[in-house]
Structures are given as structure tokens and as C-alpha cells.
Amino acid sequence: MKKRLISASPLTLFLYAVLLFSFLGSVYFIQHNHGFYDQPIAKITEATVEETQELSDIYGNDDVLYTQHLEATVQNGEYKRRTLELDNEFSLSGANDHEYKTGQDLFVFIDSASADEAALSGTIDNVKRDQYVLAITWIFVLVLLVIGKKQGFYSIVSLALNAVILSYALDIYIRTENANLLLIASVSVFLFTVTSLLLVNGLNEKTYAAIVSTMLGVFAALLLAAFAIWTSGGNGLNYEEMQFLSRPYEVVFMAGLFIGSLGAVMDVGITMSASIFTLYEKNPDISIEAMKTSGIEIGKDIMGTMANILFFVYISGSIPMLLLYLSNGATWPFSFSITLSLEIARALAGGLGIVLTIPIGIFTSIFFIKRKRAAQ
Amino acid sequence: MNVLVILAVMLCMAMVMIGGKTGAISFLSLFLNFLVLLGTVYMMNDPANDPILWVIIACVIISCINLFFINGINTTTLAAFLSTVITMVGLLLFILFMSDLTMINGFGEEEVDELSLLSLYIGISFAELAAVVIIISTIGAITDISISITSPMREVYLHNPGMSRRELVQAGFAIGRDLLGTSTNTLFFAFFGSYLGLLIWFKDLSYSLGDIVNSKIFAAEMLTILCAGIGIALVIPIASWITAFLLVRKK
């Protein structure tokens, strides 16, 4: 172990030190940040279930409802260190409630009327989740660095960078009146593609070909989705699940489709350009026909799995809602169209983007190779 | 005409035109996967069935479809199958532990209004469903990486039969690392795309950083994205070890 540390370059050692320092610093901060919140936070010291009630509804669902009495100590603000009594109701299934346990931190509202009494009373607002969000972030960073080394580091940087670009783009959308979300999404998609592909591949013709084919591929997916919606008059798409938005949800859906298919399309774009450029580098005299045939062969192998990846990511999120509708006596077709139509449309359009990027990637790479040949 | 039907027909045509028979099989497997998912939901709809048990069964069937149905049964697909299932079970335990701590079970604030007419007490554990959602979202990517590691590893071993198990594992790691960047990107953007509405909603409400980080929806999104990334990374060592073990033992 010692030997390994010594053999590491100063830069690597420095990076490890920064990592260790930020890890310790952030863990310490998150454990002691109660004072930074304006809202009172209380730590549960005792939790007892006082009442149990069995429930069953008209659809034959059985559940159990519990009433829980909590004692907690206030962690910040003017009532710091005072005892607080709280009541909580939770169900066995927990669709919109939680069972609280000793040691958890909760955001609470304190009744001002109870200020003079021995124990304060109040109501629960939310769970303090910041320390767990931090913990999972660190586990993610460490796992990716340990297993992926340099490539893992690039994945983390690319995730962080893309999240910042997305957040900034959405800020512009929110702040600008009559902003065109699709235009903003197109610019962001271009930035996402350039940053991600440059990080993975560096500055070279392979990357340029991949960037061009990715952009053409996602736009093709978007156009085909728009075409399908236009010819059918939007029939079959149910925007029920986006109704919490006070914005035109068709546009938000299209922008989501656009950004969502980008990663998979990028993957196909870089695979196509990398393999065709490898063919060319191995045999600079290779014919255009041979490159096309090999390109199609490679594309065939990857299109199924890539479409699958998108499909599972999109569909999975709807499972709880689908179950809720089914348990409430809704028929399969109705539950299906309310909870799954948008996800399936996204998955299919993304799949189209993936498949179309195969020929697009082949032709773009061949175009770049032809230009290179002409220059020689 | 229905949008979904038009899109499905277009996708099927594109896959067959470009991929021929392989394209047709790819489309068919997509459809089969969808049926398996619906079957799983059907089983979970009965509160007597354990969602965790059924998600493991679904993972096994889905990996069978994606690995054996498309690529046939051989050492490579067998190794990929084993690594997928082991990674899934490990990841599942980790997610159950984390989602229990983070309390992300159930619906978010943005969904609750829509649900006011429904009975929420349906006897199915939403804490377990939260883990089911994360696991299902990564299954496609994890089978993809495991087969993309095991099949070139076999090629490497066939060309260099004298390789030790240790060297073969290292070759597997190198192959896996090269896939890490693009695969995590694929998942991240898919999640960004499906969370776009929620993100806009957050921004519209002008939540403070503290409000966002502690809210159930944000914590659930982070947990999903990061666990998916962890799963993709974890399958690299698991697939490398299993393939090396199976190949070198055979000698």
C-alpha cells in the first residue's frame, strides 16, 4: 500500500487529498447544518405506535393504518433543545405517508401557543434527507472512481457538467417570457453532445463525425415524433401525468423526448464513427462499399440493446402509478393509457433515433473520411 | 390513428429495413420485454405477492430474453447472465437499504393532487415499489454492459489461451471502463428527459436549495440516477471475475 502511494504521481496524490478533504468536510457540515435552516428541525427520541386500525376499501384492498406518537428534541432556532410532541399517521403501504423511527430528523412546524408548556406541540412537515442524498452521492463518486479510474472520473465530470447546463438552460426558460423551450433544448442538446463527446474522445475527426451524426439523429427522432403526433392529431397520448405543470405540457413532453433520447443516440453515433474510423485506419484503401457493409453489421448488433435500455428507463417510473390505478378498479386499457402512453411514445421515438443514427453515422463518417482522403 | 401505433410501426419498419432479420428479432424482443413487464405488474397487483421476489423473477426472465434469445446459449451469454443477476440482487439490497433511510416511498407532491380521488391504501408496499422502479430502470443497461464485457473477453482468451485468470480479469476491466462513459451518459440523459417536467416545476416554484435537497421527489430522482450509475460500474468487476473464472477453469 505504501509503495503504491509513493509511486503515484504528485497530481494523483493531490487529487486524492482534495477528495478526502471534501469528503470529510461535507460529511461534517451535513451533520451540523441544522443552524443553516430557518425551519425548526427536530430529532426523534421516542416513537410509539398507539393505535392500529384495519382498513378495507370498496375495491377489496386491505391495509392497516397506524397512529404514532413521537417525542423529539428541537435542534435549532429559538426552541433549541426543548422537547416536542408530534403525532403521525401512517399506513402499511405508505403511498403518501411514512413511519418515523428514533434518530431521524424532521422538519416541523411548532405551535406558538404551546411555547410556555413543558413540552411543545407541532406538526410534521418533511423529512430531513440531505445527509442521505450526500451519502449516496459520495458512494456513487467513490464506486465510479475505484472501478472506473480515469473513465469513471470523466463520467462524473460529464454528469455534473451536463446537470449544470440543463439547470442553466431551464433558468433561462423560466425567466424569459414566451421562451421557446424546443429552441432552448436544441441549444442545450448541442452543448451536451459537444461536452460529452469531447470528454470521452478528445478533439479529432472521429469526434466531429460523432457530433454531427448525433445531432442529425436526435433531430430525426424529434421530427418523426412530431410527424406521428401531427398525423394522428395527438390521439393516444394522455398528458394526465403532467398536469401539475402550469406550462404547455406538449412542448415539455417533446423537449423531454428530445433530451431523453440524446444519450442513447450519442452512444450509437460514437460507436459507428469509432468503428468506421478504425476500419479506415487499419486499411486506408478500404472501399466505401466495404465500410457501409461493416457499418450496417455493427449497427444491427447494437440497435436492439440500445432501444431496450431506453425502454426500461422510461417504463419503470410508471409502475407505482399503474398499480395504484389498477387497485382502484380501473381497467387495464384505461390505466395503461393514463400512466404509460407518454413513456411508450418516448421509448419508441428514442428507438427511432437510435436506428436512424446507424445509417446517418455511417454516411457522416464516410463523408469525413472522403474529405480526409481528398486532402491527402 | 393512435400515436403509439404509428410510432411502433415506424420503429418496426426502420429496424427491419436496416437490420433485416436481426432487426426483426430486436423489435420482437422489445415487445416481449414489454409483455414481461406487464406480467410483473399483474403479479404485483396482488398484495399477497412480494414485489421484491417478482422483480427478481422479472430480471431473470428479461436477461434470458436479452441474452439467450438474441445471442444463443454459450459460455459468453451464460457468464453475462450470471453477472447480470448477481449485480441486480446486490444492487437491490443496496437500494432497499438506501431508500428505507431516505424515505422516498410513495408519490411526490406534484402527483398527490391528481390522486385525490383514488384510494391510496392499497396494501402494496410502496417502499418496495421504489426499489422495484430503480432496478427495472437499470436492467437494460446492465445486461448490455455484461454481454459487451464477456464476449470480447472470450475473444481475447481465444487469441491468447495462455493467459492467467488475473490477466483476463484485467482485460475485462479495461473493456468495461471504456464502456462506462457512454453507458452512464445513455442512462443520465434518459433520466434527465423523463424528469424534465419535474425540474421545470421545481424551478417555477423557486424552491430554495434546502427545500430541493430535502424534498422527496428530488431525493428519489438522485437515488435513481446515482444507483443506476453504481449498478453500471459494479457490473464491470462482477462480469470480469465471472467470465475469467468460467473460461480459465474450463481448460
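Residues numbered from 1 in each chain as written. Chains lettered and ligands numbered in written order. Predicted model: local features only at pLDDT ≥ 70, side-chain atom pairs only at ≥ 80, totals over all residues.

(A) Looking closely at the overall build of chain B. Within chain B one finds 8 helices and 0 strands. Along chain B, from the amino end to the carboxyl end, the secondary structure elements read α-α-α-α-α-α-α-α. Dimensions of chain B, computed from the C-alpha atoms along their principal axes, are close to 65 × 45 × 40 Å. Within chain B, contacts between residues separated by at least 24 positions form 80% of all contacts whose residues are at least 6 apart in sequence. (Helix = DSSP H or I, 4+ residues; strand = E, 2+ residues; numbered from the N terminus. Contact = placed C-beta atoms within 7 Å.)

(B) Fine view of the overall build of chain A. Helix and strand counts for chain A stand at 9 helices and 5 strands. Taking 2.2 N^0.38 as the reference for a compact globule, 376 residues should give roughly 21 Å; the C-alpha atoms of chain A span a radius of gyration of 27 Å, well beyond that estimate. Its C-alpha atoms give chain A principal-axis dimensions of roughly 90 × 65 × 40 Å. Across the 376 residues in chain A, those meeting the buried criterion constitute 42%. (Rg over C-alpha atoms; globule rule 2.2 N^0.38 Å. Buried ≥ 20, exposed ≤ 12 C-beta atoms within 10 Å, placed from the backbone.)

(C) Geometry of the sheet that holds strand β4 (residues 105-110) of chain A. Residue and element names in this part refer to chain A. As summarised here, the arrangement of the 5 strands in space is β1-β2-β3-β5-β4, forming a closed barrel in which the pairing is mixed. Between one strand and the next, the sheet's axes are offset by a mean angle of 45 degrees, whatever the strand orientation. Where strand β2 (residues 62-74) lies against strand β3 (residues 83-91), 9 bridges are found, and the strand directions are antiparallel. Across the sheet, the residue bridging to Glu 71 is Glu 85, located in β3. (Pairing = 2+ DSSP bridges. Axes fitted to C-alpha atoms, helices over the stretch in contact; angles between N-to-C directions.)

(D) Structural context of the nonpolar core. Membership of the largest hydrophobic core comes to 190 residues, with the highest contact counts inside it found for Leu 7, Leu 11 and Ile 135 of chain B. Once residues within four sequence positions are removed from consideration, Leu 11 of chain B is found in contact with Leu 348, Gly 351, Leu 352 and Val 355 of chain A together with Phe 27 of chain B. (Core = buried A, V, L, I, M, F, W, Y, C linked by C-beta atoms within 7 Å.)

(E) Fine view of the pairing of β4 of chain A. All names here are of chain A. The alternating pattern of β4 places Leu 106, Val 108 and Ile 110 on a buried face and Asp 105, Phe 107 and Phe 109 on a face that is not buried. Strand direction decides the pairing type here: strand β1 (residues 41-56) and β4, joined by 3 bridges, are antiparallel. Paired with Ala 42 across the bridge in β4 is Leu 106. Looking at chain direction, β4 and strand β5 (residues 120-127) are connected through 5 bridges and run antiparallel. Of the residues in β5, the one forming a bridge with Phe 107 is Asn 126.

(F) Expanded view of the interface of chain A and chain B. Each partner contributes to the interface: chain A provides 110 residues, whereas chain B provides 91 residues. The element best represented in the side of chain A that touches chain B is helix α3 (residues 130-175) of chain A, accounting for 23 residues. When its residues are assigned to classes, the side of chain A that touches chain B shows 62 nonpolar, 35 polar and 13 charged. (Nonpolar A, V, L, I, M, F, W, Y, C, P; charged D, E, K, R; others polar.)

(G) Local environment of the confidence of the model for chain A. Per-residue confidence for chain A gives a mean pLDDT of 89, with 98% of residues at or over 70. Below pLDDT 50 for its whole length, residues 1-5 of chain A participates in 0 contacts with residues either more than four positions away or in separate chains. (pLDDT = per-residue confidence, 0-100.)

(H) Geometry of the pairing of β3 of chain A. Here 2 bridges tie β3 of chain A to β5 of chain A, and the two strands are oriented parallel to one another. Directly across from Leu 84 of chain A, in β5 of chain A, lies its bridge partner Leu 120 of chain A.

(I) Quick peek at the environment of Leu 118 of chain B. Residue position: Leu 118 of chain B is located in the loop between α4 (109-112) and α5 (126-159). You can call Leu 118 of chain B partly exposed: it has 18 C-beta atoms within 10 Å. The contacts of Leu 118 of chain B, once residues within four sequence positions are left out, are Leu 324 and Asn 328 of chain A.

(J) Spatial organisation of the environment of Gly 19 of chain B. By secondary structure assignment, the location of Gly 19 of chain B is in helix α1 (residues 3-44). Given 23 C-beta atoms within a 10 Å radius, Gly 19 of chain B is considered buried. C-alpha of Gly 19 of chain B to C-alpha of Cys 227 of chain B: the two residues are 208 residues apart in sequence and 33 Å apart in space. Every residue in contact with Gly 19 of chain B, bar those within four places of it in the chain, is listed here: Lys 300 and Met 303 of chain A together with Ser 26 of chain B.

(K) Spotlight on helix α4 (residues 181-201) of chain A. For α4 of chain A, which comprises 21 residues, the first-to-last C-alpha distance of 29 Å matches the rise-based estimate of 30 Å (1.5 Å per residue) to within 8%. By the burial criterion, the buried members of α4 of chain A are Leu 181, Ala 185, Ser 188, Val 189, Phe 192, Thr 193, Ser 196, Leu 197 and Val 200 of chain A. All buried residues of α4 of chain A lie within an arc of 150 degrees about the axis, which places them on one face of the element. Looking at the buried positions of α4 of chain A, the neighbouring elements they touch are α3, α5 (205-232) and α6 (249-282) of chain A together with α6 (165-204) of chain B. Positive phi shows up at Gly 202 of chain A, right after α4 of chain A, with a value of about 80 degrees. (Expected span 1.5 Å × (residues − 1). Arc of directions from axis to C-beta.)

(L) Structural detail: the confidence of the model for chain B. Residue and element names in this part refer to chain B. Of the residues in chain B, 99% have a pLDDT of 70 or more, and the chain-wide mean is 90. Mean pLDDT across the secondary structure elements of chain B bottoms out at α4, with 77, and peaks at α1, with 94. Overall fold confidence for the complex sits at a pTM of 0.90, while the interface term, ipTM, reaches 0.93.

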